[in-house]
Amino acid sequence: MSQPTMMRSKQALSHVIATVRAFGGFSLVVTKRHKIVYASALARSLVPQDKGIVIHPELMGAADEAWRSREHITRACHVTTLGSYQDIVIQAEVVEAYWIVVSVTDRTDEVRAIQIRRDFVSNIGHELRTPVTSVGLIAQALRSCASDPASVEHFAQRLNKVAIRLEKLADGMLALAQVQDTVPSQPLARIAVGDLIQKAVFQAIETARIKGVKLKTKMRVEAYVDGDEEALVTALENLLSNAIHYSPKGSRVIVSCQMDQAEGTVAIHVIDQGIGIDDSEQERIFERFYRTDQARSRRAGGTGLGLAIVKHTALAHQGSVSVDSQLGSGSTFTLTLPVAAEPAGNNES
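Residues numbered from 1 in each chain as written. Predicted model: local features only at pLDDT ≥ 70, side-chain atom pairs only at ≥ 80, totals over all residues. Heavy atoms only, no water.

Caption draft 1: Summary view of a positive patch on the surface. A surface patch of like charges, here positive, comprises Lys214, Lys216, Lys218, Arg220 and Arg252. Here the positive patch gets three residues from one element, more than from any other, and that element is strand 9 (residues 214-219). With respect to the secondary-structure elements, Arg220 resides in the loop between strand 9 and strand 10 (224-227). Of the residues examined, Arg220 reaches a relative accessible area of 65% and is grouped as exposed. (Patch = residues over 30% accessible without salt bridge, like charges linked within 9 Å, V, L, I, M, F, W, Y side chains within 5 Å. Areas by Shrake-Rupley, 256 points an atom, 1.4 Å probe, with all protein chains shown as cover. Salt bridge = Lys/Arg side-chain N within 4 Å of Asp/Glu carboxyl O. Lys, Arg positive; Asp, Glu negative; His and termini not counted. Charge placed at Lys NZ, Arg CZ, Asp CG, Glu CD. Helix = DSSP H or I, 4+ residues; strand = E, 2+ residues; numbered from the N terminus. Buried < 20%, exposed > 50% of the residue type's maximum accessible area, 1.4 Å probe, protein only.)

Caption draft 2: Here's a closer look at helix 7 (residues 229-245). Helix length check: helix 7, at 17 residues, gives a terminal C-alpha distance of 24 Å against a target of 24 Å (1.5 Å per residue), a fit within 8%. Looking only at helix 7, the buried set comprises Ala231, Leu232, Val233, Ala235, Leu236, Asn238, Leu239, Leu240, Ala243 and Ile244. Its side-chain oxygen at 3.2 Å from the backbone nitrogen of Glu230, Asp228 defines the N-terminal cap of helix 7. (Expected span 1.5 Å × (residues − 1). Polar contact = N/O pair within 3.5 Å; in protein donor to acceptor, adjacent residues only side chain to side chain.)

Caption draft 3: Looking closely at the packing of helix 6 (residues 193-211) against helix 7. At their nearest, the axes of helix 6 and helix 7 sit 8 Å apart, and the two run at 30° to each other. Considering the angle they form, helix 6 stands roughly parallel to helix 7. In this structure, helix 6 crosses over helix 7, and the sense of that crossing is right-handed. Side by side, helix 6 and helix 7 meet where Leu196, Ile197, Lys199, Ala200, Val201, Gln203, Ala204, Thr207, Ala208 and Lys211 of the first sit next to Glu229, Leu232, Val233, Leu236, Glu237, Leu240, Ile244 and His245 of the second. (Axes fitted to C-alpha atoms, helices over the stretch in contact; angles between N-to-C directions. Parallel < 35°, antiparallel > 145°, perpendicular 65-115°, else oblique. Left-handed = near helix turned anticlockwise from the far one by under 90°. Contact = heavy atoms within 4.5 Å.)

Caption draft 4: Seen up close, unusual backbone geometry. With a phi close to 75°, His34 is a non-glycine residue in the positive phi region. Relative to the helices and strands, His34 is located in the loop between strand 1 (26-30) and strand 2 (36-39). Look at His34 and you get buried, because its relative accessible area is 17%. For Glu96, which is not a glycine, the phi torsion comes out positive at approximately 55°. Within the fold, Glu96 resides in the loop between strand 6 (85-95) and strand 7 (99-106).

Caption draft 5: Seen up close, the pattern of salt bridges. Here the structure, examined in full by the defined rule, presents five salt bridges. Measuring nitrogen to oxygen at the nearest pair gives 2.2 Å for the salt bridge that ties Lys199 to Glu229. Taken together, the residues Lys199 in helix 6 and Glu229 in helix 7 connect sequence positions 30 residues apart. Among the salt bridges present, the one from Arg209 reaches Glu206, with a minimum N-O distance of 2.6 Å. On the criterion of helical spacing, the pair formed by Arg209 and Glu206 is a turn pair, its members being three residues apart in helix 6. When its relative accessible area of 54% is taken as the criterion, Arg209 is described as exposed. For Glu206, a relative accessible area of 41% gives the class partly exposed.

What follows is the structure, encoded as structure tokens:
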């Protein structure tokens with residue numbers, strides 16, 4: 001290559017790099033042999049390479065296609081080798097006849113949101129189908145036995161149970177919608193963790209009595225949190241209800257809490273002696289409508305929204321919820337919340 005040609009080539013490359021750098025985001029400039037000429041900071045942190053050669057198959061597959069066709073290539077794909085980038089759109093194009101510009105747009109959150117909405121609509125339809133069908137069948141039965149008071153009473157009671165189930169489903173959906181905003185619906189208040197536990201336990205006592213499960217609390221710390229009291233009590237009540245429903249008669253459900261001074265958090269544990277949860281399902285149980293035992297949950301009248309409500313309530317309070325469980329050995333659900341900061345007036349001089 002002559003000196004003038006080399007100069008023009010360097011100038012062209014400088015122009016390409018300057019343009020790509022201005023674009024920002026996730027961008028690369030590579031040769032036809034996949035050697036990196038330029039990589040943005042984001043690309044450098046995520047793209048797998050070997051001695052300056054990009055070795056990511058999807059990225060370089062798009063680059064090769066652009067080189068062969070000399071056309072602008074757009075390719076949507078799912079990857080697991082670009083950190084948090086999973087659902088992406090790759091664009092590749094040859095510039096100045098020598099180099100290939102590759103850019104990546106992350107659509108992971110968008111795709112996940114679409115999938116969540118699709119699943120939500122599908123699950124709502126599935127959840128409503130059974131009770132709505134039951135209403136129609138019971139209505140037909142009522143018409144056919146209008147002259148038999150005993151039968152009318154029987155079917156009226158069944159209709160009432162279906163109505164209660166639909167009401168619980170509607171309440172659960174509304175509660176989930178409220179906490180999904182990640183901002184508590186009520187003004188934050190300073191709440192004693194012991195009070196939250198006592199109120200949640202009080203709400204669950206009757207359910208535990210009917211099921212034959214003993215509720216026990218172990219309060220070892222005094223801690224306060226800032227939050228929406230109603231939402232937090234509901235979250236704890238959902239954890240207790242879940243533990244009670246999946247515990248055998250005569251077993252115990254224990255609620256305890258402990259402080260982590262270093263992290264500035266308080267953890268509330270709900271421990272049961274129930275059937276446990278398989279490892280493969282533990283990551284999914286906080287999804288809307290997900291149940292580890294569909295038939296049993298339907299008999300118990302659950303909505304499948306309780307743990308999803310707990311998760312979003314925790315997130316709205318800058319906390320988290322987790323589970324530790326083994327099949328046949330029970331489960332421990334832990335709601336972790338940041339401890340309230342000491343009021344400025346309480347500091348001693």
